[in-house]
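Coordinate inspection notes
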Protein chains: 2
Amino acid sequence: MTAPSSMLHNWHEVPFTKVKITDAFWRPRLEVLKKVTLPSCLIKCEETGRIANFAKAGGLIEGEFEGIYFNDSDVYKVLEGVAYSLMLERDTALEDDADRIIELIAAAQESDGYLCTYYTLVAPESKWTDMEKHEMYNGGHLIEAAVAYYEATGKRQLLDVACRLADHYDRIFGPGKRHWVEGHEEIELALIKLYRVTGEEHYWKFACWLLEERGHGHGVGAIWDKPEWGPPYCQDDVPVREIEKVTGHAVRAMYLYSAMTDAVHVSGDPAYVAALQRVWAHTAQRNMYVTGGIGPSHHNEGFTEDYDLPNESAYCETCAAIAMVFWNHRMNLLFGDGKFADVVEREMYNGALAGISLSGDRFFYVNPLASQGDHHRVPWFDTSCCPTNLARFLPSIGQYMYARMPKGIAVNQYVQGEADIMLENGNGVHLKQRTSFPWSGGVELEVFPAADGVFTIQMRVPEWCRGYRVCVGGEWLSGVEAVVERGYLSIERHWSAGDTILLELDMPVEIFRARQEVQANEGRIALQRGPIVYCIEQSDHDKLKYDEMTFSARERLLVEHREDLLEGVTTLRGKDGLGRPCQFVPYYAWDNRQPGYMQVWVREKQEEQLYNY
Amino acid sequence: MTAPSSMLHNWHEVPFTKVKITDAFWRPRLEVLKKVTLPSCLIKCEETGRIANFAKAGGLIEGEFEGIYFNDSDVYKVLEGVAYSLMLERDTALEDDADRIIELIAAAQESDGYLCTYYTLVAPESKWTDMEKHEMYNGGHLIEAAVAYYEATGKRQLLDVACRLADHYDRIFGPGKRHWVEGHEEIELALIKLYRVTGEEHYWKFACWLLEERGHGHGVGAIWDKPEWGPPYCQDDVPVREIEKVTGHAVRAMYLYSAMTDAVHVSGDPAYVAALQRVWAHTAQRNMYVTGGIGPSHHNEGFTEDYDLPNESAYCETCAAIAMVFWNHRMNLLFGDGKFADVVEREMYNGALAGISLSGDRFFYVNPLASQGDHHRVPWFDTSCCPTNLARFLPSIGQYMYARMPKGIAVNQYVQGEADIMLENGNGVHLKQRTSFPWSGGVELEVFPAADGVFTIQMRVPEWCRGYRVCVGGEWLSGVEAVVERGYLSIERHWSAGDTILLELDMPVEIFRARQEVQANEGRIALQRGPIVYCIEQSDHDKLKYDEMTFSARERLLVEHREDLLEGVTTLRGKDGLGRPCQFVPYYAWDNRQPGYMQVWVREKQEEQLYNY
């Protein structure tokens, strides 16, 4: 049984290798990523023994395992980031360093394919006894790195390691073999990637089997027995096709849903479709911060009750915001609906981007929406998943810009640059996008098909935009031909080289109020302009104490682009409730100046008013 | 005792004769006013015997009084409109016609100065027995017409009639003489105009005495005795300095407050200041429709309970909207606060402008915010105050554009054209304003002082604008120098000929929700873009029944300027809650196509959402 075809759009990804980013917002971040973030992550992996663990497990050097049992994954994730960086720009030194590390990884693989340096070095007799110990989680990240490195360099060594590992899993676990509920999802989406690059269907089937293992009481390990965690913590409380609500550890949940979405791309399984739609609505409409952050609780690094969205104590792990991108991008491709790309955008410019300093070498694990001044980015963590997730997320953001539809091209994110997209009929289309996003809402797209022809270009009109105008080939579109459907403006025409689309998106300052169930935000407002969520910082408000500011939703704000501030940001300047000057800065850029307090949701200065807007 | 000087700004009006309007929005309306509205009003005054009543009262022709006792006022108001039109452009035929009518008016004045054709012809023995019979109301409009005609032509005949009439009042009424509470305010503001043009202080004192007469039980006449009307109907329930709430007949209340505001300009009386601030807040924050309409009830042509703002049965007399302009313009000058100019703008583009057809010869008396299709403009009314109020309001709208401040110039409304303003130091400043208001938010102001010098130009940032940018002399203003205070951006500098201010006001589509006390709008939203309130009309929605449409606040709208529609309007096109195409058009332009339903507040399609904006 398959889902109604009208529901599934099955768009295809346009890989970031086909997308060149040249704009003033992302280009500097990609350069810092390459020059600072990747090298500093590699050094940290070295310094903390994460890389040496492979050498030790492979018997190349003597020594004990250092760190935590999931530390292998950080090395894999940095390698994945290195691979993406190499795809964008070859770099012999970086590649040589990666090759050296890959040699160590290969050496650490046991003869039967098993690979997890913690168990090899610490407890070889205890393999596969505790499903929470991240054995397959580590393996999943190895697979993702291997696929990326193979695609970047054509070198098979790490891919061969990955296949041997996956084959090893497949031999032990599966229908008629042993059960397994991996405590931290990741392996499932990795196996689907491995299937795609190798064409080996058994990887896909094994991924699907792993998905189906959940929710049947097969989970074994410490967390399952802890009453305060239990099966919901790792999404093992119900079979995946029965999921109603987002539960447990946020990153785990998002990785699970990502894999489920991938699976539907192939299977079209309507039970999965329905489950995904339910859990997406439950996540986005009841459990997502305005920054895109998810998972309010430190206790389980995840979800609690609906609308429980405290600001100061918000956990909002950086990895969870990145994982929301992974999932929502897949949902966008599957359903062809802009509302998912809206979430991708919200994370890209807010929840995920806040995780890294402008300097590229300091990171947040936890992303509160308010801080009294004691929360700051640091260079590394014992559990350093977030820096290494950023290391692979940022170089690959180009993949979220476009999608290939059966009828043409969807433009999902507005980032200046160029792209090459192959239509389904084999016609190649070169695109040039000019924009000052996220600081202003004008976008010009120049279209250069290899051969003139009829196809469709869909331009996303973001959720924050109420009014837009669009001009195609010099003519302003009118009426029904320019109505937004499923978040997109659809332009079907005969395209010739040099044809242009000019899209003007109103980008006003928006005042957000949370629904009343969100107790933390009662009497508070937040400001957003375009995709950027704003905050106040102590640096700009020396005379105001923490949480002292009030602000009227009726205040008018100077929209000022300041190249001198925070590497170029548009600030919003006005007066607070007592008439004192105040300034809002982008949330993603907070804690990049002298330490101090920060707030996204500020107290609203109540004013008697008949009409709200 | 005077009010704190910080509170009163005492700006001065820049007369519309110093303001040339050239834009695509108002210019055609002014032309239609001159070519169609004024002639058709004169013809109607002739046809209905309104003008003949003067000839009869003057003994020039035989015959009985025709019509209603306040009909003289319509002739005066058209004459006032004619005078304004002549100020903008001389027209011998029109002036000759006015002179002819003025001769008749002069003839109708009795030897003691009394002038009211109803009493002269119908009940001369009953003069000054019923304070509701509009004797001084008529006189007030005579005075306004006389002042206008004198300023337009330099001819004193009508002004002399007006002075004789005012002197007549002054002889009968006043301290130690008879009490008088004019049932329909108007005389008070007229007397202050007469004081300004003649310099005769006793007119001002008499106006102030009339204001003070109210609320002391002096009112006599039928309406005072009717329990359902009583003293509040004509604002005779409390002394004016004790006013807390807007009450009774809307036009009367607004004329009263206008006169009170004028009085404070001279007196600075803090009790009046406080009363005006109280009653303004009560009017604007609890009793004003989103269109600027006021007075929901047919019964009293006025106010009822706070937040009683029904849509279909809304009365919202056109005169009341115009009177809101009169009052709020005066408040703006007195307090130097843009929030009053915001109301002027709301009326100019919505509540008042809806009163007249695009053709200029059909009028609404009543302006509902929803109609099932049975409410249409007509050429004239028995009580025809609204057409004649439009006839004097429209040609004089130039006066709302600018104000002269002690320190310089305030720019209140954005209308393309030119202006000449004399600063207090005698330096003349020529201004050129270029803008596409109300359809887009960019304004360029070119400044040509006769002599270079330091002064301030204040640009209003309207209430609907959350974000703005401003560039002065080629430099974008920054930070505190461009913060909005009391609704204005204040630019103090040394100005030389050709210096420019470029103001960019974000003009997004705004979704309005009424506060919950407004039961009529529960579950409904209204759309506004810039100063323009939108509505839906049946013409654009053949397949939808009345009040059937739902609309999501999250819908994105094509902002399309259509020169082919309603003489050029920007429409908002999108999809309704069921995905059908829908179109919003400016409220002021409704009922200019085939008859059909109209709604400003449409049912909101409810969608689960964490954050509202």
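Right above here is the structure, for reference.
In terms of helices and strands, chain A carries 16 helices and 23 strands. Relative to its length of 613 residues, chain A is compact, with a C-alpha radius of gyration of 24 Å against a globular reference of 25 Å. Seen through its principal axes, chain A has C-alpha atoms that stretch 70 × 60 × 50 Å. Counting every position in chain A, which comprises 613 residues, the buried fraction comes to 66%. When contacts within chain A are restricted to residue pairs at least 6 apart in sequence, long-range pairs at least 24 apart make up 69% of them. When the accessible surface of chain A is summed, it comes to about 20300 Å², and 49% of that surface belongs to carbon and sulfur atoms.

Mapping chain A onto chain B is achieved by rotating through 180° and translating by 0.0 Å along the same axis, at an RMSD of 0.0 Å. Given the turn and translation reported, the copies of this chain are related as if by a two-fold rotation axis. Taking the C-alpha atom as reference, chain A places Pro508(A) closest to the rotation axis, 3.1 Å from it. The residues that chain A uses at the interface reappear at the interface of chain B in 100% of cases, marking a shared surface.

Moving on, we come to the interface of chain A and chain B. With 60 residues of chain A at the contact, the number on the chain B side is 60 residues. Both sides together, the interface formed by chain A and chain B hides about 4900 Å², and carbon and sulfur atoms give 53% of it. The salt bridge involving Arg286(A) is made with Glu608(B); its shortest N-O contact spans 2.6 Å. Contributions of two or more residues to the side of chain A that touches chain B are made by helix H13 (270-286), strand E10 (467-472), strand E14 (509-514), strand E18 (557-562), strand E19 (569-575) and strand E23 (611-612) of chain A. If you tally residues by element for the side of chain A that touches chain B, the top one is E14(A), at six residues. Of the residues belonging to the side of chain A that touches chain B, the class tally is 33 nonpolar, nine polar and 18 charged. Of the pairings in the sheet, the one linking E23(A) to strand E14 (residues 509-514) of chain B comprises two bridges and is antiparallel in character.

To continue, consider the pattern of salt bridges. Evaluation of the coordinates by the stated rule reveals 98 salt bridges over all chains. Of the charged contacts, one joins Glu185(B) and Arg214(B) as a salt bridge, the two residues approaching to 3.0 Å between their closest N and O atoms. Of this pair, Glu185(B) sits in the loop between helix H7 (157-172) and helix H8 (187-198) while Arg214(B) sits in the loop between helix H9 (201-213) and helix H10 (222-225), and the two are 29 residues apart along the sequence. As far as burial versus exposure is concerned, Glu185(B) and Arg214(B) are alike and both buried. Here the residues in one salt-bridge network are Arg286(A), Asp306(A), Arg515(A), Glu517(A) and Glu608(B), joined through shared partners.

With 19 residues, helix H6 (residues 135-153) of chain B should reach 27 Å at 1.5 Å per residue; the first-to-last C-alpha distance of 27 Å fits that figure. Trailing H6(B) by a residue or two, Gly154(B) shows a phi angle of about 75°, which is positive.

Here we come to the sheet that holds strand E5 (residues 408-411) of chain A. All names here are of chain A. Pairing within the open sheet is mixed, and its five strands lie in the order E1-E4-E5-E9-E12. Each edge of the open sheet carries a strand with a single partner, namely strand E1 (12-13) and strand E12 (488-495). Pairing geometry for strand E4 (residues 402-405) and E5, over four bridges, is antiparallel. Bridging across to E5, Ala403 finds its partner in Ala410. Sheet strands touched by helix H15 (residues 338-351): strand E9 (453-460) and E12. Its angle to E9, the strand with the most contacts, is close to 55°.

Moving on, we come to the side chain of Asp262(B). Residue and element names in this part refer to chain B. Within the secondary structure, Asp262 is located in helix H12 (residues 250-267). You can call Asp262 buried: its relative accessible area is 2%. With near-sequence residues (within four places) excluded, Asp262 lies in contact with Leu189, Ile192, Arg196 and Arg330.

Attention now goes to the nonpolar core. Within soluble globular proteins, side chains that are nonpolar generally end up buried alongside one another. The biggest cluster of nonpolar side chains holds 226 residues, and the ones touching the most others in it are Tyr257(B), Phe393(B), Tyr402(B) and Met459(B). At 12 residues, helix H14 (residues 318-335) of chain B tops the list of elements feeding residues into this core. Filtering out sequence-adjacent residues up to four positions away, Phe393(B) remains in contact with Ile322(B), Val325(B), Phe326(B), Met348(B), Ala352(B) and Tyr400(B). With 224 residues, the next largest nonpolar core counts Cys41(A), Val147(A), Val343(A) and Val429(A) among its residues.

Moving on, we get to the packing of aromatic side chains. Aromatic rings considered in pairs are described by the distance between their centres and by the relative angle of their planes. Enumeration according to the criterion identifies 70 aromatic pairs over all chains in this entry. When the ring of Phe437(B) is compared with that of Trp464(B), the centres are 6.0 Å apart and the planes differ by 40°; the resulting orientation is tilted. Of the two residues, Phe437(B) sits in the loop between strand E7 (428-435) and strand E8 (442-449) while Trp464(B) sits in the loop between strand E9 (453-460) and strand E10 (467-472), which places them 27 residues apart along the sequence. Pair check on accessibility: Phe437(B) and Trp464(B) agree, each one buried. Cluster of aromatic residues (ring-pair linked, three or more members): Phe25(A), Trp26(A), Tyr349(A), Trp439(A) and Tyr588(A).

Cis peptide bonds are those with omega within 30 degrees of zero, and the linkage from Phe437(A) to Pro438(A) qualifies with 0°. For Pro438(A), the location among the structural elements is in the loop between strand E7 (428-435) and strand E8 (442-449). Although it is not a glycine, Asp591(B) sits at a positive phi angle of roughly 60°.

For E10(A), the tally of buried residues reaches six of six residues, placing the bulk of the element in the interior. The alternating pattern of E10(A) places Gly467(A), Arg469(A) and Cys471(A) and Tyr468(A), Val470(A) and Val472(A) on opposite faces, both of which are buried. Where E10(A) and strand E18 (residues 557-562) of chain B come together, two bridges link them in parallel fashion. For Gly467(A), the partnering residue across the bridge sits in E18(B) and is Leu557(B). One ladder, built from two bridges, connects E10(A) with strand E11 (residues 475-476) of chain A; its direction is antiparallel. Among the inter-strand pairings, Val472(A) is bridged to a residue of E11(A), identified as Glu475(A). Remark: two residues form the turn of the hairpin made by E10(A) and E11(A), two consecutive strands paired antiparallel; Gly473(A) in that turn has positive phi of roughly 55°.

As a further point, take the packing of helix H9 (residues 201-213) of chain A against helix H12 (residues 250-267) of chain A. Residues and elements named next belong to chain A. Relative to each other, H9 and H12 sit at 130°, their axes nearing to 10 Å. One way to sum up the angle between H9 and H12 is to call them oblique. Crossing of H9 against H12: the hand is left-handed. On H12, the residues touching Trp204, Cys208 and Leu211 of H9 are Leu256, Ala259, Met260, Ala263, Val266 and Ser267. Grouping the constituent residues of the contact of H9 with H12 by class yields eight nonpolar, one polar and no charged.

Criteria and cut-off values
Residues numbered from 1 in each chain as written. Chains lettered and ligands numbered in written order. Predicted model: local features only at pLDDT ≥ 70, side-chain atom pairs only at ≥ 80, totals over all residues. Heavy atoms only, no water. Helix = DSSP H or I, 4+ residues; strand = E, 2+ residues; numbered from the N terminus. Rg over C-alpha atoms; globule rule 2.2 N^0.38 Å. Buried < 20%, exposed > 50% of the residue type's maximum accessible area, 1.4 Å probe, protein only. Contact = heavy atoms within 4.5 Å. Areas by Shrake-Rupley, 256 points an atom, 1.4 Å probe, with all protein chains shown as cover. Least-squares fit on C-alpha atoms with pLDDT ≥ 70 in both. Buried area = accessible area lost by both parts, 1.4 Å probe. Salt bridge = Lys/Arg side-chain N within 4 Å of Asp/Glu carboxyl O. Nonpolar A, V, L, I, M, F, W, Y, C, P; charged D, E, K, R; others polar. Pairing = 2+ DSSP bridges. Expected span 1.5 Å × (residues − 1). Axes fitted to C-alpha atoms, helices over the stretch in contact; angles between N-to-C directions. Core = buried A, V, L, I, M, F, W, Y, C linked by side-chain atoms within 4.5 Å. Phe/Tyr/Trp six-rings, centres within 6.5 Å; stacked < 30°, edge-to-face > 60°. Parallel < 35°, antiparallel > 145°, perpendicular 65-115°, else oblique. Left-handed = near helix turned anticlockwise from the far one by under 90°.

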